[in-house]
Amino acid sequence: MVLPHPQGGPPAASYLGVTTVTAVSDGVLQTLFHSEQGGHEQVVLCQDRATGLKAVIALHSTALGPALGGTRFYPYATEAEAVADALNLARGMSYKNAMAGLDHGGGKAVIIGDPEQIKTEELLLAYGRFVASLGGRYVTACDVGTYVADMDVVARTNQWTTGRSPENGGAGDSSVLTAFGVFQGMRASAQHLWGDPTLRGRKVGVAGVGKVGHYLVEHLLSDGAEVVITDVREESVRRITDKHPQVRVVADTDALIRVEGLDIYAPCALGGALNDDTVPVLTAKAVCGAANNQLAHPGVEKDLEERGILYAPDYVVNAGGVIQVADELHGFDFDRCKAKATKIFDTTLEIFARAKADGIPPAAAADRIAEQRMAEARSGRA
């Protein structure tokens, strides 16, 4: 028996009482198989009705080793938006891990829903079982909406989990080294622009002072920077201003990017911060932040260059966290991780030099270096 598709598309086949829908979104397939954002090895759609789990696991590349990347828990407006985010984030992790010198490919997972409403122990255990079904091709960790305590739960059903608590054999909060790495990227930006790797006397705007941003603010203040912040969460802002009343607060990101005399802008929340609306009005001389996928679409990096704004590629400078969680898999040593994260300074300078030599934006230079490493790994494996 063949059933008509409910939207008038290809039919759905019925076998022994189970209806199998044979139509999928052409848009998703176009992204996965044909676009520049695609090229992924594997995408897994996960559903556990008993717990309400709906998740997407995307593996972009395992050329350098098992895919490594966090789990984002977010209330996406649509499932298609969740798939697109997983694909983009996984691709970014391939490049990040390559530039960090890790023996890991790129992967990412997203769980659809508001974590404050639907996150439960049973849901996380179900998610862990799905990750475990990949047999080690994907190693998961924390991301937006997930925390160390969550990874402790996931690890109960999935041995390929990192970013766990020290009490459970993990390294703890990876935000510490993520912020440290971004700070190293800022120091490199300062060296490139002003000939001195210090932020002393520089005005730095930080958008998002949550898990990573508040640690970054501490580094900046210790280095003598003037700091301006904004965050949608009042409690995040208050945590900083109660301790550092000299920190200036503005209403929102739109106000922050227009602050007069801004030297460096640090997007530390969600992606897409650099787009057709923000780049034309950005007052900063450089952008260096912790957020993933800061460039809203291809071509934004050229817009930044045309305006004379230096861009430190996000996946390079925010790699401190993934350096930490990767190290956890081999027995965590904080000093060893911090030494690796310190090298983000040199890597960022190398990218700026490559960009100047090749006459291309820094984002393109970083991509070339990362793609070369992945290509060499694939050819060596063949």
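Higher on the page you've got the structure.
Below, the structure is looked at part by part. These numbers come from a predicted model, not from an experiment.

## Notes on helix α7 (residues 213-222)
For α7, the complete set of buried residues consists of G213, H214, L216, V217, L220 and L221. All buried residues of α7 fall inside an arc of 155° around its axis, so they share one side. The inward-facing, buried residues of α7 contact α6 (175-194), β9 (203-207), β10 (226-230), α8 (234-243) and β12 (264-267). Once α7 finishes, G224 follows within two positions and takes phi at roughly 90°, a positive value.

## With respect to the sheet that holds β9
Note on sheets: strands pair through backbone hydrogen bonds, and any given pair is parallel or antiparallel. Read across the open sheet, the six strands follow the order β11-β10-β9-β12-β13-β14; overall the sheet is parallel. This sheet does not close on itself; its edge strands, each paired only once, are β11 (248-249) and β14 (310-311). Relative to β12, β9 is paired through four bridges, and the arrangement is parallel. If you follow A207 over to β12, its bridge partner there is P267. The strands that α7 touches are β9, β10 and β12; relative to β9, the one it contacts most, it runs at about 170°.

## As for the pattern of salt bridges
If you walk through the whole model with that rule in mind, you get 19 salt bridges. Salt-bridge contacts for K243 lead to E218; the nearest nitrogen and oxygen are separated by 3.4 Å. Taken together, the residues span a long stretch of sequence, with K243 in helix α8 and E218 in helix α7 at a distance of 25 residues. Look at E218 and you get partly exposed, because its relative accessible area is 25%. A salt bridge links R368 to D358, with the shortest nitrogen-to-oxygen separation between them at 3.2 Å. Of this pair, R368 sits in helix α15 (residues 362-381) while D358 is found in helix α14 (residues 344-358), placing the two residues ten residues apart along the sequence. On the basis of relative accessibility, which here comes to 33%, the residue D358 falls in the partly exposed class. Residues joined in a network through salt bridges with shared partners are R72, D85, K108 and D143.

## Things to note about the side chain of T71
With respect to the helices and strands, T71 occurs in strand β6 (residues 67-74). Here T71 falls in the buried class, since its relative accessible area comes to 1%. Beyond its immediate chain neighbours, meaning those up to four positions away, T71 contacts A109, I111, Y127, Y138, T140, A141, C142, D143, V144 and T146.

## With respect to the packing of aromatic side chains
Scanning the entire structure with this criterion turns up three aromatic pairs. Their ring planes at 70° and their centres at 5.1 Å tell us that Y74 and Y76 sit as a pair that is edge-to-face. Given a relative accessible area of 28%, Y74 falls into the partly exposed group. You can call Y76 buried: its relative accessible area is 9%.

## As for the side chain of D223
Its place among the elements puts D223 in the loop between α7 and β10. No salt bridge forms around the buried D223; measuring N to O, its nearest opposite-charge neighbour R200 is 5.5 Å away. Residues within four places of D223 in sequence aside, it is in contact with F183, T198, L199 and R200.

Cut-offs and rules
Residues numbered from 1 in each chain as written. Predicted model: local features only at pLDDT ≥ 70, side-chain atom pairs only at ≥ 80, totals over all residues. Heavy atoms only, no water. Buried < 20%, exposed > 50% of the residue type's maximum accessible area, 1.4 Å probe, protein only. Helix = DSSP H or I, 4+ residues; strand = E, 2+ residues; numbered from the N terminus. Arc of directions from axis to C-beta. Contact = heavy atoms within 4.5 Å. Pairing = 2+ DSSP bridges. Axes fitted to C-alpha atoms, helices over the stretch in contact; angles between N-to-C directions. Salt bridge = Lys/Arg side-chain N within 4 Å of Asp/Glu carboxyl O. Phe/Tyr/Trp six-rings, centres within 6.5 Å; stacked < 30°, edge-to-face > 60°. Lys, Arg positive; Asp, Glu negative; His and termini not counted.

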